[in-house]
2 protein chains.
Amino acid sequence: MFCGTQFSIYPMSDDFVDVILGSIGPLQHRDDIRVETDDLSTLVVGTPNAVFTTVRDVYAEACRRGGHVVLSATFSRGCPGEPDDPMCVPEKPAEASASKAQLEVVAPLAIDVAAQYSLYPLGIPSYMDVIYREIAEAKKAACYDRGKNFCTRLKGDLSDVFAVFGRTFESAARETGHVVLTATVSKGSPSQKQGG
Amino acid sequence: MFCGTQFSIYPMSDDFVDVILGSIGPLQHRDDIRVETDDLSTLVVGTPNAVFTTVRDVYAEACRRGGHVVLSATFSRGCPGEPDDPMCVPEKPAEASASKAQLEVVAPLAIDVAAQYSLYPLGIPSYMDVIYREIAEAKKAACYDRGKNFCTRLKGDLSDVFAVFGRTFESAARETGHVVLTATVSKGSPSQKQGG
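Remember, it's a predicted structure, so these values are computed and weren't measured experimentally. (Residues numbered from 1 in each chain as written. Chains lettered and ligands numbered in written order. Predicted model: local features only at pLDDT ≥ 70, side-chain atom pairs only at ≥ 80, totals over all residues. Heavy atoms only, no water.)

I'd like a description of the relation of the copies chain A and chain B, backed by residues and values.
Each copy of the sequence occupies a distinct position, and chain A is placed on chain B by a rotation of 180 degrees and an axial shift of 0.0 Å, giving an RMSD of 0.0 Å. Considering both components of the superposition, the chain copies are consistent with a two-fold axis. Both copies share a contact surface, since 97% of the interface residues of chain A are interface residues in chain B too. (Least-squares fit on C-alpha atoms with pLDDT ≥ 70 in both. Contact = heavy atoms within 4.5 Å.)

Account for the pairing of strand β8 (residues 179-187) of chain B, with residues named and values stated.
Put simply, side chains in a regular strand alternate between the two faces of the sheet. All names here are of chain B. Across the 9 residues of β8, 9 count as buried, placing the element largely inside the fold. Two strands pair when backbone bridges link them, and strand β4 (residues 69-77) and β8 are joined in this way by 8 bridges, in the antiparallel orientation. Counterpart to V70 in the pairing with β8 is S186. Here strand β5 (residues 112-121) runs beside β8; their pairing, made up of 8 bridges, is antiparallel. Paired with Y120 across the two strands is V180, which belongs to β8. (Buried < 20%, exposed > 50% of the residue type's maximum accessible area, 1.4 Å probe, protein only. Helix = DSSP H or I, 4+ residues; strand = E, 2+ residues; numbered from the N terminus. Pairing = 2+ DSSP bridges.)

Before we move on, could you go through the sheet that holds strand β3 (residues 42-45) of chain A and cite the residues and values that matter?
All names here are of chain A. Taking strand neighbours across the sheet as the criterion, the 8 strands line up as β2-β3-β1-β4-β8-β5-β7-β6 in an open arrangement whose pairing is antiparallel. Each having just a single partner strand, β2 (34-37) and β6 (144-148) make up the two edges of the open sheet. Taken over all neighbouring pairs, the strand axes of this sheet differ in orientation by 20 degrees on average, direction set aside. (Axes fitted to C-alpha atoms, helices over the stretch in contact; angles between N-to-C directions.)

Describe the pattern of salt bridges, naming the residues involved and giving the relevant values.
A side chain with one charge can pair with a side chain of the opposite charge if their charged atoms come near. Throughout the structure, instances matching the rule amount to 28 salt bridges over all chains. Salt-bridge contacts for A:R77 lead to A:E170; the nearest nitrogen and oxygen are separated by 3.0 Å. In this pair, A:R77 sits in strand β4 (residues 69-77) while A:E170 sits in helix α5 (residues 158-172), placing the two residues 93 residues apart along the sequence. Just as A:R77 is buried, A:E170 falls in that class too. Note that B:R34 is salt-bridged to B:E36, the shortest N-O span being 2.4 Å. Look at B:R34 and you get partly exposed, because its relative accessible area is 33%. Here the residues in one salt-bridge network are A:D38, A:D39, B:D145, B:R146, B:K148 and B:R153, joined through shared partners. (Salt bridge = Lys/Arg side-chain N within 4 Å of Asp/Glu carboxyl O.)

Help me get a handle on the packing of helix α4 (residues 127-138) of chain A against α5(A), residues and values and all.
Residues and elements named next belong to chain A. Where α4 contacts α5, the axes come no closer than 10 Å and their chain directions differ by 150 degrees. Here α5 runs roughly antiparallel to α4, going by the angle between their axes. The hand of the α4/α5 crossing is right-handed. Touching V130, R133, E134 and A138 of α4 are V164, T168, S171 and A172, all from α5. (Parallel < 35°, antiparallel > 145°, perpendicular 65-115°, else oblique. Left-handed = near helix turned anticlockwise from the far one by under 90°.)

Please give an account of helix α4 (residues 127-138) of chain B that cites residues and values.
Turn by turn, an α-helix covers 3.6 residues, leaving residues three or four places apart pointing in a common direction. All names here are of chain B. With 12 residues, α4 extends 17 Å from end C-alpha to end C-alpha; this agrees with the ideal 16 Å at 1.5 Å per step. All of the buried residues in α4 are Y127, M128, V130, I131, E134, I135 and A138. In an axial view of α4, the angular spread of the buried residues amounts to 155 degrees, which keeps them on one side of the axis. (Expected span 1.5 Å × (residues − 1). Arc of directions from axis to C-beta.)

Account for the interface of chain A and chain B, with residues named and values stated.
In this complex, chain A contributes 64 residues to the contact, which on the side of chain B involves 62 residues. Broken down residue by residue, the surface that chain A buries against chain B is led by A:D39, A:L40 and A:F150, which jointly contribute 16%. Applying the counting rule to chain A against chain B returns 8 salt bridges. In this structure, A:D38 engages B:K148 in a salt bridge whose closest nitrogen and oxygen atoms are separated by 2.9 Å. Our enumeration of links across chain A and chain B arrives at 17 residue pairs in polar contact (both at pLDDT 80 or more). Where the side of chain A that touches chain B is concerned, the elements lending two or more residues are β1 (3-11), α1 (16-24), β4, β5 (112-121), α4, β6, β7 (151-157) and β8 (179-187) of chain A. Of the residues forming the side of chain A that touches chain B, the biggest block, 6 residues, is contributed by β1(A). A class-by-class count of the residues in the side of chain A that touches chain B yields 31 nonpolar, 25 polar and 8 charged. (Buried area = accessible area lost by both parts, 1.4 Å probe. Polar contact = N/O pair within 3.5 Å; in protein donor to acceptor, adjacent residues only side chain to side chain. Nonpolar A, V, L, I, M, F, W, Y, C, P; charged D, E, K, R; others polar.)

How would you summarise the pairing of β1(A) if you had to cite specific residues and measurements?
Within β1(A), 9 of the 9 residues are buried, which leaves the element mostly enclosed by the surrounding structure. Along β1(A), one buried face is formed by A:C3, A:T5, A:F7, A:I9 and A:P11 and the opposite face, lined by A:G4, A:Q6, A:S8 and A:Y10, is buried too.

Describe the sheet that holds strand β6 (residues 144-148) of chain B, naming the residues involved and giving the relevant values.
Residues and elements named next belong to chain B. Spatial ordering of the open sheet is given by β2-β3-β1-β4-β8-β5-β7-β6, a layout of 8 strands whose pairing is antiparallel. The open sheet has two edge strands, β2 (34-37) and β6, and neither has a second partner. Each strand axis lies, on average, 20 degrees off the axis of its neighbour in the sheet, ignoring direction. Pairing of strand β1 (residues 3-11) with β4, which is carried by 9 bridges, proceeds in the antiparallel orientation. Residue pairing in the sheet places Y10 in a bridge with V70 of β4. Sitting on the sheet, helix α1 (residues 16-24) is in contact with β1, β2 and β3 (42-45), with an inclination near 150 degrees to β1.

Next comes the structure, spelled out in structure tokens:
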């Protein structure tokens, strides 16, 4: 299984460089994940647990620095953008299932966020059944907010929101070897009260 | 065909509210598209041409206001997040093909950007063939930069970058009724010179 993410942190403030570099800087010292950063995003490759907890914790650190901060992330098993890389070939569902791991659960992080995410189980005609099933499961979570066109909204503590992301990703991976989940998480938006 | 986008503008500056509202404000006066904005994103529903040109022009307006500004957008035909909406049922490829429209071509906008995008043709086992074909096509564009894990990088004038997005989306729609394209576009990043 090849699992990873491309994620970006967007601090809506003049000191965005300090917030970004201060948050992602510590990743350079990790040896359990592969990290590559350019001007558009940071790549993290590792186990599903390592990938999700890393992005969550980097974003939490950025949030603690104050202001309105948004996370945009694409989590993927497989990499359709690189046809020459043997790691890109989607695995069989059985193999993906065997490598299933639980997302590490943490206590509330005391960071209130709004979020929306979309799930794309690739390569299977029954993908809508998987999506419907995962939406039904997400509705049981306390942080479920509502459906929107093309995505599902969550609101609540950052730890709970990431628990839904991780559970959705892992569950969908039982159906197909290539799963993508895209997510937007926002903390401190001044328009949050007007927002639906 | 149901076609639309959820997009967000992220100005990395203290006056982000003015930049965002100043850019998306004019959309409220349009009658050829449906627009809904909350604290996370703006929905635009319309023809592929209307959707892509609207997002491009809103982002161009935000860029002209200066500084480092990022666009994050998910373009979709179909809406897996809302199972109760009859518009969400993916169409047959033949119908999608019949409704194919060319993205309006414009002169260069004189806005230099870096971008990355991913294509997700849903519901078909041969989706990787479609992705490989579209990457091969993108490599012919002057604004093609390089592949990254999970996405493809572009750099150049905003108009050229959006031409690739629109062409990719339309071409993939000939193979399946449900296509998603996610994109990140960045202007004015201070780390662009260090970035690969």
